[in-house]
Amino acid sequence: MNLPQGEAPIGVFDTGVGGISVLRAIRLALPGENLLYAADSGYAPYGDRDADFIKGRALHLTRFLLAQGAKMIVVACNTITVVAVKELRAWCPVPVVAMEPAIKPASKVTRSGVVGVLATSQTIASASVARLCESQGDHIKFLLQPCPGLVERVEQADLTSDATRALLLKYIEPLIANGADTLVLGCTHYPFLMQQIQAIAGPDVLVIDAGAPVAKEVVRQLGLNKLMRAGGGNAKTSFFSSSDLDTAQTVMSALWGERVTVGEIGRIE
Ligand code: DGL
């Protein structure tokens, strides 16, 4: 495997289409970089999958992106980050940037001292989220809310149906009733529901997504590793999926905001 420089793309992946919210932030911060996005929608949601399964898929997706020449890997998924990023970093020959739920920034801005965290059950139950919360001190109360079912809605680009709204109401209303004035979106699928979440939470509640800080870290790591593409111009964004390609194309085009062509995440020998 030759380690590519400059012209090579940045490889971004998620369990499904949620990481497109991170890809959006990276594209905004880096208009001149070639980007690859791999959605493991054929296996999403990872939900209650065990750690070995998640580590195996993370390795497979990373190897796929490296085979396409990726010069950096972005794990655009909180669940994969908490379960598999340590092993991935130890093995991966290019820099790896991963997610961190915006618990630190939320702790700085909350006025009520109550922060709600919305994420998948795996992320909510993880030692890294527990550590992050503890490190903010006793004066902040964290309401940790697992949100089963939400990833599935976004995987279908179903952002506004009654079913989606019913789930959001069930998860968000108790947080607000218990004093949360700041909500952390700890899953990369949820920023696609930002408008609906904000409408339910109300205008005085700050809803924080970690896409922009991750994009900032990608910029920093490109600089540190001297991997920035020179010149910019004609930057491409290419999409891949492990699910049915027609469905993937419809959903990914809807979430990306323009028509995209989707290639297959194939086998890697
Ligand atoms: N986008 C993933 C995350 O940030 C969803 C995980 C899943 O498929 O369960 O956690």
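The present account deals with the structure reproduced in this document.

1. Topic: the overall build of the protein chain
Here is step 1 of the chain: Of regular secondary structure, the protein chain possesses 11 helices and 10 strands.
Here is step 2 of the chain: By the compact-globule yardstick of 18 Å for 269 residues, the protein chain fits well, its C-alpha radius of gyration being 18 Å.
Here is step 3 of the chain: Here the C-alpha coordinates of the protein chain stretch approximately 55 × 40 × 40 Å along the principal axes.
Here is step 4 of the chain: Residues classed as buried in the protein chain amount to 54% of the 269 residues present.
Here is step 5 of the chain: Long-range pairs, those at least 24 residues apart, make up 75% of the contacts in the protein chain with a sequence separation of at least 6.
Here is step 6 of the chain: Put simply, the protein chain shows about 12100 Å² of open surface, and 52% of that area lies on carbon and sulfur atoms.

2. Examining the layout of surface pockets
Here is step 1 of the chain: Size it by volume and the largest pocket reaches roughly 620 Å³.
Here is step 2 of the chain: Around the largest pocket, the lining is made up of 26 residues, and of these Thr81, Ala98, Met99, Glu100 and Pro101 lie nearest the centre.
Here is step 3 of the chain: At the level of elements, helix 3 (78–91), strand 4 (96–98), helix 4 (103–109), helix 6 (127–134) and helix 10 (211–224) are the ones that each hand at least two residues to the lining of the largest pocket.
Here is step 4 of the chain: Estimated volume of the second largest pocket: approximately 240 Å³.
Here is step 5 of the chain: What lines the second largest pocket is a set of 22 residues, and nearest its centre among them are Pro45, Gly47, Thr120, Ser121 and Val151.
Here is step 6 of the chain: When residues of the lining of the second largest pocket are traced back to their parent elements, those giving at least two are helix 3, helix 5 (121–124) and helix 7 (150–155).
Here is step 7 of the chain: Tallying contributions element by element places helix 7 first for the lining of the second largest pocket, with 3 residues.
Here is step 8 of the chain: For the lining of the second largest pocket, the per-class residue count stands at 9 nonpolar, 10 polar and 3 charged.

3. Quick look at the sheet that holds strand 3 (residues 72–75)
Here is step 1 of the chain: The strand order across the open sheet formed by 6 strands is 4-3-1-2-9-10, and the pairing between neighbours is parallel. Edge positions in the sheet fall to strand 4 and strand 10 (262–264), since each has one partner strand and no second. For this sheet, the mean inter-axis angle between neighbouring strands, taken without regard to orientation, is 25 degrees.
Here is step 2 of the chain: Direction of pairing for strand 2 (residues 35–39) relative to strand 9 (residues 237–241): parallel, over a ladder of 5 bridges. Within strand 9, the position partnered with tyrosine 37 by the bridge is phenylalanine 239.
Here is step 3 of the chain: Lying over the sheet, helix 1 (residues 20–29) contacts strand 1 (10–14), strand 2, strand 3 and strand 9, oriented at roughly 175 degrees with respect to strand 2.

4. Looking at the site of the ligand
Here is step 1 of the chain: Inspection of the region around the ligand gives 13 residues, with Thr15, Tyr46, Thr79, Thr188 and His189 positioned closest.
Here is step 2 of the chain: Between asparagine 78 and the ligand, the recorded distance is 2.9 Å, taken from a backbone N or O atom to an oxygen atom.
Here is step 3 of the chain: With respect to the ligand, the side chain of threonine 79 contributes an N or O atom lying 2.6 Å from an oxygen atom.
Here is step 4 of the chain: Among the cavities detected, the one that contains the ligand is the second largest pocket.
Here is step 5 of the chain: Within the shell around the ligand, the residues separate by chemical class into 5 nonpolar, 7 polar and 1 charged.

5. Examining the pairing of strand 7 (residues 182–185)
Here is step 1 of the chain: Side-chain alternation along strand 7 places Thr182 and Val184 on one buried face and Leu183 and Leu185 on a second face that is also buried.
Here is step 2 of the chain: The sheet contact formed by strand 5 (residues 114–119) and strand 7 spans 4 bridges and is parallel. For valine 117, the partnering residue across the bridge sits in strand 7 and is valine 184.
Here is step 3 of the chain: Where strand 7 and strand 8 (residues 206–209) come together, 4 bridges link them in parallel fashion. By the bridge assignment, leucine 185 is partnered in strand 8 with aspartate 209.

Analysis parameters
- Residues numbered from 1 in each chain as written.
- Predicted model: local features only at pLDDT ≥ 70, side-chain atom pairs only at ≥ 80, totals over all residues.
- Heavy atoms only, no water.
- Helix = DSSP H or I, 4+ residues; strand = E, 2+ residues; numbered from the N terminus.
- Rg over C-alpha atoms; globule rule 2.2 N^0.38 Å.
- Buried < 20%, exposed > 50% of the residue type's maximum accessible area, 1.4 Å probe, protein only.
- Contact = heavy atoms within 4.5 Å.
- Areas by Shrake-Rupley, 256 points an atom, 1.4 Å probe, with all protein chains shown as cover.
- 1 Å grid on protein atoms, 1.4 Å probe; cavity = no way out; pocket = protein on both sides within 12 Å on 5 of 7 lines; lining within 4 Å.
- Points joined across faces, edges and corners; volume = space filled by probe spheres on them.
- Nonpolar A, V, L, I, M, F, W, Y, C, P; charged D, E, K, R; others polar.
- Pairing = 2+ DSSP bridges.
- Axes fitted to C-alpha atoms, helices over the stretch in contact; angles between N-to-C directions.
- Near = heavy atom within 4 Å.
- Polar contact = N/O pair within 3.5 Å; in protein donor to acceptor, adjacent residues only side chain to side chain.
- Sits in = over half its atoms within 2 Å of the grid points.

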